[in-house]
Amino acid sequence: MALLTCEKLCLGYDNNIIVKDLSFSVNDGDYLCIVGENGSGKSTLMRTVLGLQNPISGDIIFGEGLKKNQIGYLPQQTQVQRDFPASVWEIVLSGCIGQMGFAPFYTSKQKKTADEAIKKMGIEHLKNRCYRELSGGQQQRVLLSRALCATENMLLLDEPVTGLDPKVTADMYELIDKLNKEYNITIIMISHDIDAAVKYASHILHIGKKVFFGTKAEYLKSHESGFFGIREDGENI
Amino acid sequence: MSFLSGFFGTLSLYFSRPFVIYAFVVGILISLCSSLLGVTLVLKRFSFIGDGLSHVAFGAMAIASVLKLTNDMPLILLITIITAILLLKTGQNTKIKGDAAVAMISVGALAIGYLLLNIFGNSSNLSGDVCSTLFGSTSILTLTSLDLIICVTLSVLMILFFVFFYNKIFAVTFDENFITATGTNANLYNLLIAIVIAIIIVLAMNLVGSLLISALVIFPALSAMRIFKSFLSVTVCSAVFSVICTALGLVISIIGGTPVGSTIVAVMIIGFIISYFAGLITGGKKA
Ligand SMILES: Nc1ncnc2c1ncn2[C@@H]1O[C@H](COP(=O)(O)OP(=O)(O)O)[C@@H](O)[C@H]1O
Ligand SMILES: [Mg+2]
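None of these values were measured; they are calculated from a predicted model.

Colleague: What's the story with the environment of lysine 89 of chain B in this structure? I'm lost.
Modeller: Residues and elements named next belong to chain B. Take lysine 89: it is sitting in helix α4 (residues 73-92). Using a relative accessible area of 46% as the deciding quantity, one classes lysine 89 as partly exposed. The sequence separation of lysine 89 and leucine 192 amounts to 103 residues, and the corresponding C-alpha distance is 13 Å.

Colleague: Please explain the site of ligand 1 as it appears in this structure.
Modeller: Residue and element names in this part refer to chain A. Lining the immediate environment of ligand 1, one finds Tyr13, Ile18, Glu37, Asn38, Gly39, Ser40, Gly41, Lys42, Ser43 and Thr44. Note that an oxygen atom of ligand 1 is positioned 3.1 Å from one of the backbone N or O atoms of glycine 41. A distance of 2.7 Å separates an oxygen atom of ligand 1 from a polar atom in the side chain of serine 43. Here the shell around ligand 1 gets three residues from one element, more than from any other, and that element is helix α1 (residues 42-49). Each residue belonging to the shell around ligand 1 can be placed in one class, and the counts come to two nonpolar, six polar and two charged.

Colleague: How do you make sense of the coordination of the magnesium ion (ligand 2) when you look at a structure like this?
Modeller: Put simply, the ideal angle at a metal is 109.5 degrees for four donors in tetrahedral geometry and 90 or 180 degrees for six donors in octahedral geometry. Every protein donor of the magnesium ion (ligand 2) is listed here as Ser43 of chain A (OG) and Gln76 of chain A (OE1), and their distances to the metal cover 2.0 to 2.6 Å. Of this pair, serine 43 of chain A sits in helix α1 while glutamine 76 of chain A sits in the loop between β5 (71-74) and α2 (88-93), placing them 33 residues apart in sequence.

Colleague: Whenever I open this one, the side chain of serine 40 of chain A confuses me. Can you help?
Modeller: All names here are of chain A. For serine 40, the position within the fold is in the loop between β3 (31-35) and α1. At a separation of 2.6 Å, a polar atom in the side chain of serine 40 contacts the main-chain carbonyl oxygen of glutamate 37. If sequence neighbours within four positions are ignored, serine 40 has contacts with Ile18, Val19, Ile207 and Gly208.

Colleague: Hey, could you run me through the pairing of strand β1 (residues 4-13) of chain A in this one?
Modeller: Along any regular strand, the residues point their side chains to alternate faces of the sheet. Residue and element names in this part refer to chain A. In terms of residue burial, β1 counts as a mostly covered element, since seven of its ten residues are buried. Judged from the seven bridges that link them, β1 and strand β2 (residues 16-26) form a sheet pairing that is antiparallel. Bridging across to β2, tyrosine 13 finds its partner in asparagine 16. Here β1 folds back onto β2, and the loop between the two strands holds two residues, one of which, aspartate 14, carries a positive phi near 45°.

Colleague: Whenever I open this one, the sheet that holds strand β9 (residues 212-215) of chain A confuses me. Can you help?
Modeller: All names here are of chain A. Pairing is mixed in the open sheet, where six strands are placed in the order β5-β6-β7-β3-β8-β9. Edge positions in the open sheet fall to β5 and β9, since each of these has one partner strand only. Averaged over all adjacent pairs, the angle separating strand axes in this sheet is 15°, with direction ignored. Of the pairings in the sheet, the one linking β3 to strand β8 (residues 203-206) comprises four bridges and is parallel in character. Considered in β8, the bridge of valine 35 is made with histidine 206. Each of β3, β5, β6 (154-158), β7 (186-190) and β8 touches α1; the most contacted strand, β6, lies at about 150° to it.

Reading the values: rules and limits
Residues numbered from 1 in each chain as written. Chains lettered and ligands numbered in written order. Predicted model: local features only at pLDDT ≥ 70, side-chain atom pairs only at ≥ 80, totals over all residues. Heavy atoms only, no water. Helix = DSSP H or I, 4+ residues; strand = E, 2+ residues; numbered from the N terminus. Buried < 20%, exposed > 50% of the residue type's maximum accessible area, 1.4 Å probe, protein only. Near = heavy atom within 4 Å. Polar contact = N/O pair within 3.5 Å; in protein donor to acceptor, adjacent residues only side chain to side chain. Nonpolar A, V, L, I, M, F, W, Y, C, P; charged D, E, K, R; others polar. Donors = N, O, S within 2.8 Å, 3.2 Å for Na, K, Ca; no water. Contact = heavy atoms within 4.5 Å. Pairing = 2+ DSSP bridges. Axes fitted to C-alpha atoms, helices over the stretch in contact; angles between N-to-C directions.

Rendered as structure tokens:
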């Protein structure tokens, strides 16, 4: 059984349907890239999978004993966080909140998890810094560390490289790839960047006027045969 | 020299009276819990809800006095808590503009409260009474022993709540979506925070009056955020700031005979200005 299966999903807000009849599945160790135009419903899909909103119809099934509190999430950044007084350590540690239940304080095991997540992201030197004073790339690493605290199995990333310069973007992609290959964490990533999707992903889900789901090879093939027209989706930045 | 000894003489004279001691204990406890939750309120952009709730508490007080309740705290608490929960729900509902709803409820409660007092009140000094509820001129010095027990118990409970839920409060303040996505019930904590805020506002009404409560919640948090950069240090600093300003304000108002609430707020404004410049010097607030 797959780690995550979505069957005949209809997504949207208040019966305003944005995506119809979406079916796909993600297996352990997969690297799924979700691509599509702005406003095509990529974030909506991710939020629905995470239970932040309800699907209009259809099913989302978690398999292989994956629990709700074992998924890591890197949201598309919100404005509120920009002036928030919080140290890197405080933010990363808050990734353990799902395992905490009703206990009031973090256990030493959870603190160790946070320490390891910080090491994996190579930001040990930033541990006591203020989050809002970090560069965009550093902030993303902090949020990725936090997501790592929440999971050993599956990470959902919503446009993790938006607003980063090319060098930092490349580093970020390498880091995510390492998490997938070395630590065997299943990745579901939303991206604008088709080239990167093709380079790193094992599977691709394209949503928009036409929906495609399949392996990278199948995607490239359908691309050549003109399934998508002349790169009408190629608004990659 | 003789001025100083005179000053401390007066001070110790005042402190030999129990009601002054009570006022200090209650004042410091209330300022402590309002500053602790104030950080969350400011960061969650909820400060306008705090403002709205304080007006609702005034309306509730008017209802309680029309009903001639001997102890009005339970009723005021109940009405304010229910309003807080309702406001939270409308805030989550994207269709109704949250801030407009708060503004409506808050001015509505003020108007109705004053109207009720005017029609049904039998006080000889209505405007004096209203003024004292709005600006809390002396209520902290005239607490009944039941008020005292309620205030102390509730403030201690609120402080314990804050300590035990500190990590959850941080997480739910920093990023609600993340903790929901990773399996924590953020709505439950939002609800708890709303209830706690309502309780604190009712408590604070005794200290500074309903129009000035927001100051008690906002000034310590904003001052601390000027200087400090982690959630823990901001929380600790805002608590210290609030307690010091409240103690100073109380002393000044007792000695100088000035209204308690306004004096405390005036001290806080001075404290904020000092933190503002301290922040500029230490570079605490970049961008
Ligand atoms: N909270 C919301 N309420 C109603 N409609 C929304 C909301 N958020 C997004 N939408 C709409 O849903 C569509 C998909 O948005 P989104 O999933 O964010 O797209 P993407 O992430 O692919 O750019 C957009 O047309 C957007 O206007
Ligand atoms: Mg999006």
